[in-house]
Amino acid sequence: MFLEMSLIFLAAAAAVFAAGMAVGKQSLRSVAKPLGAAMALMLALTAVFDNLMIAAGLFGYGSGTLSGWRIGLAPIEDFFYAACAVLLIPGLWWLLGFGSTGSSTSASEGSTSRKDGS
């Protein structure tokens, strides 16, 4: 049950990411390495900390709703949350108009500076 739900959320996150890339005029070539690095880091951190928290008894899972696949003690379904975040955050960033390659305003220019000196 949670695996199917996780796959639906991952597909939605991938769609947001793809739409954001299109709106933000990002090429797959320009985002592949940072995306891969972020994904690897988030999945590694999820593996480490989920296993530590489960081993410490902070939480547990009912086996009836999980697929049964685990990485250590962590169910595979937990890793979908990290993967969704890695796709959703930049996708939403681009959809909201930040970070597009066509932008001529840099972050350091700020909107408070005025050319008339006041």
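Residues numbered from 1 in each chain as written. Predicted model: local features only at pLDDT ≥ 70, side-chain atom pairs only at ≥ 80, totals over all residues. Heavy atoms only, no water.

**Student:** Could you clarify how one ought to interpret the overall build of the protein chain in this entry?
**Tutor:** Helix and strand counts for the protein chain come out as three helices and two strands. Along the chain direction, N to C, the helices and strands of the protein chain fall in the order α-α-β-β-α. Expressed as a percentage of its 118 residues, the buried residues of the protein chain come to 25%. Within the protein chain, contacts between residues at least 6 apart in sequence are counted, and of these 70% link residues at least 24 apart. When the accessible area of the protein chain is evaluated, it comes to approximately 7,900 Å², of which 70% is carbon and sulfur surface. (Helix = DSSP H or I, 4+ residues; strand = E, 2+ residues; numbered from the N terminus. Buried < 20%, exposed > 50% of the residue type's maximum accessible area, 1.4 Å probe, protein only. Contact = heavy atoms within 4.5 Å. Areas by Shrake-Rupley, 256 points an atom, 1.4 Å probe, with all protein chains shown as cover.)

**Student:** Just checking my understanding: could you explain the side chain of Glu77 for this structure?
**Tutor:** On the secondary structure map, Glu77 appears in helix H3 (residues 77-95). It turns out Glu77 is buried and unbridged, and the closest side chain with the opposite charge, Arg70, is 7.2 Å from it. Ignoring anything within four residues of it in the chain, the contact list for Glu77 reads Phe2, Leu3, Ser6, Leu66, Ser67 and Trp69. (Lys, Arg positive; Asp, Glu negative; His and termini not counted. Salt bridge = Lys/Arg side-chain N within 4 Å of Asp/Glu carboxyl O.)

**Student:** What's the story with the environment of Leu3 in this structure? I'm lost.
**Tutor:** Residue placement: Leu3 occurs in helix H1 (residues 2-23). Note: C-alpha distance between Leu3 and Ile76 (73 residues apart in sequence) is 8.0 Å.

**Student:** Which parts of the structure should I look at to understand helix H2 (residues 28-55)?
**Tutor:** Because an α-helix completes one turn every 3.6 residues, residues spaced three or four positions apart along the sequence face the same direction. Its 28 residues give H2 an end-to-end C-alpha distance of 38 Å, which sits within 8% of 40 Å, the value for a rise of 1.5 Å per residue. Burial in H2 covers these residues: Val31, Leu35, Met39, Thr46, Ala47, Asp50, Asn51 and Ile54. For H2, the elements touching its buried residues are H1, strand E1 (70-71), strand E2 (74-75) and H3. Gly57 sits one or two residues past H2 and shows a positive phi near 80°. (Expected span 1.5 Å × (residues − 1).)

**Student:** Help me out: how do you make sense of the confidence of the model for the protein chain in this one?
**Tutor:** Per-chain confidence: the protein chain averages 86 in pLDDT, with 84% of residues scoring 70 or above. At the level of individual helices and strands, the protein chain shows its lowest average pLDDT in E2, which scores 92, and its highest in H2, which scores 96. Per-residue pLDDT stays below 50 along residues 103-115; that stretch engages in one contact with residues further than four places along the chain or on separate chains. (pLDDT = per-residue confidence, 0-100.)

**Student:** I would appreciate a short explanation of unusual backbone geometry in the present structure.
**Tutor:** The phi torsion of most residues other than glycine is negative, and most of the peptide bonds are trans. One non-glycine residue, Lys25, lies in positive phi territory at about 55°. Here Lys25 shows up in the loop between H1 and H2. Under the relative-accessibility criterion, Lys25 is labelled exposed at 61%.

**Student:** Mind showing me how you'd approach the nonpolar core here?
**Tutor:** The nonpolar side chains of soluble globular proteins are, as a tendency, buried together. In this structure, Ala13, Phe17, Met21, Val31, Leu35, Met39, Ala83, Cys84, Val86, Leu87 and Trp94 together form the largest nonpolar core, which totals 11 residues. Those elements that place two or more of their residues in this core are H1, H2 and H3. It is H3 that contributes the most residues to this core, five residues altogether. Those residues in contact with Cys84, other than ones at most four positions away along the chain, are Phe9, Leu10 and Ala13. (Core = buried A, V, L, I, M, F, W, Y, C linked by side-chain atoms within 4.5 Å.)

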